[in-house]
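Spelled out, the chains give:
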Amino acid sequence: SFLGGRPVHAQYDENRTNLSAKAFFSYAQNYTTEIEFGYEHQRVDTNTLIFNNIVPAENTRHIISIRAEENMAWLDDQLRLFAGIRIDEIINSGPAFSPRIAFSYTPNSYFTLRASTSYANRYPAFDELYIKTESIQGDEDLKLQTSILNDISISFAYSPWFELSITGFYNIHWELIRFIPVTAYLYKA
């Protein structure tokens, strides 16, 4: 049976295949480079019951990703700098660039100051795009979520079993992907 023409039953199956390879290079005493390559095949099959007819649908995508990070240390490892980038490419959808920079300063064995900033892009997950049930519906027209993420923290480690940290965050998001209520019974991405 149906309420307002919405499907009462939907089946959602997601399959993922992953391959990845990592490489670490240390070309100087205090410099390390990490490179990672990845491939992911995603497929989602949906079977929706609409007016006593099963309507099958298959959606698939291929994601290629590359991540590179450079770690540098100075002052006997008291000052560390991390700079990196991640590039995700969904075939036929365009690339998503996500650069990041961070640093940490540890003047002694008790205190550590850390800060980072990054520009992140996120493709919508398959359920955010394609899920269709009586109470939840995805949106096939969703765009990349873009965020600027900033944080700063200070830590005090009195012993190996006690550490106190204070962290502040300031994040900005565009095209935020989330499920919001449309009616009392329906959430849409």
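In short, a report on the structure. Worth saying up front: this structure is predicted, and the values here are computed from it rather than measured. (Residues numbered from 1 in each chain as written. Predicted model: local features only at pLDDT ≥ 70, side-chain atom pairs only at ≥ 80, totals over all residues. Heavy atoms only, no water.)

With that out of the way, let us pick up the overall build of the chain. The number of helices and strands found in the chain is one helix and eleven strands. Within the chain, the proportion of its 189 residues that are buried is 26%. Sequence separation of 24 or more characterises 51% of the internal contacts of the chain that already satisfy a separation of 6 or more. Summed over all atoms, the accessible surface of the chain reaches about 12,400 Å², with 58% contributed by carbon and sulfur. (Helix = DSSP H or I, 4+ residues; strand = E, 2+ residues; numbered from the N terminus. Buried < 20%, exposed > 50% of the residue type's maximum accessible area, 1.4 Å probe, protein only. Contact = heavy atoms within 4.5 Å. Areas by Shrake-Rupley, 256 points an atom, 1.4 Å probe, with all protein chains shown as cover.)

Further remarks concern the pattern of salt bridges. This model, assessed by the stated rule, comprises six salt bridges. Across the salt bridge formed by arginine 67 and glutamate 34, the nearest N and O atoms sit 2.4 Å from each other. With arginine 67 in strand E3 (residues 53–74) and glutamate 34 in strand E2 (residues 31–50), this residue pair connects regions lying 33 residues apart in the sequence. Overall, the relative accessible area of 18% leaves arginine 67 in the buried class. Given the relative accessible area of 13%, glutamate 34 is considered buried. (Salt bridge = Lys/Arg side-chain N within 4 Å of Asp/Glu carboxyl O.)

Structurally, glutamate 58 is set in strand E3. If sequence neighbours within four positions are ignored, glutamate 58 has contacts with Arg43, Val44 and Asp45.

Below, the discussion takes up the layout of surface pockets. Of the volumes computed, that of the largest pocket is approximately 320 Å³. In terms of lining, the largest pocket is formed by 21 residues, of which the most central are Glu40, Ile63, Ser65, Arg86 and Asp88. Looking at the lining of the largest pocket, the elements that each hand over two or more residues are strand E1 (9–28), E2, E3, strand E4 (79–90) and strand E6 (111–122). If one sorts the elements of the lining of the largest pocket by residue count, E2 sits on top with six residues. (1 Å grid on protein atoms, 1.4 Å probe; cavity = no way out; pocket = protein on both sides within 12 Å on 5 of 7 lines; lining within 4 Å. Points joined across faces, edges and corners; volume = space filled by probe spheres on them.)

The next thing to look at is the packing of aromatic side chains. Here the structure, examined in full by the defined rule, presents four aromatic pairs. Each ring, one from tyrosine 110 and one from phenylalanine 156, has its centre 6.2 Å from the other, and the planes form 20 degrees; the classification is stacked. You can see tyrosine 110 sitting in the loop between strand E5 (94–105) and E6 and its partner phenylalanine 156 sitting in strand E8 (residues 145–159), a full 46 residues away along the chain. Residues phenylalanine 111 and phenylalanine 156 carry aromatic rings whose centres are separated by 5.3 Å and whose planes lie at 50 degrees to one another, so their mutual orientation is tilted. On the criterion of sequence distance, the pair formed by phenylalanine 111 in strand E6 and phenylalanine 156 in strand E8 is long-range, its members being 45 residues apart. Judged by relative accessible area, phenylalanine 111 falls into the partly exposed class, the value being 38%. Aromatic rings pair up to connect Tyr110, Phe111, Phe156 and Tyr158 into one cluster. (Phe/Tyr/Trp six-rings, centres within 6.5 Å; stacked < 30°, edge-to-face > 60°.)

What follows deals with the sheet that holds strand E11 (residues 187–188). One open sheet accounts for three strands, arranged E7-E11-E10; its pairing is mixed. Two strands in the sheet have a free side with no partner beyond their single neighbour: strand E7 (136–137) and strand E10 (180–181). Inspection of the sheet shows E10 paired to E11 by two bridges, in the antiparallel sense. Along E11, the bridge assignment pairs isoleucine 180 with lysine 188. (Pairing = 2+ DSSP bridges.)

The analysis is restricted to geometry; functional conclusions fall outside its scope.
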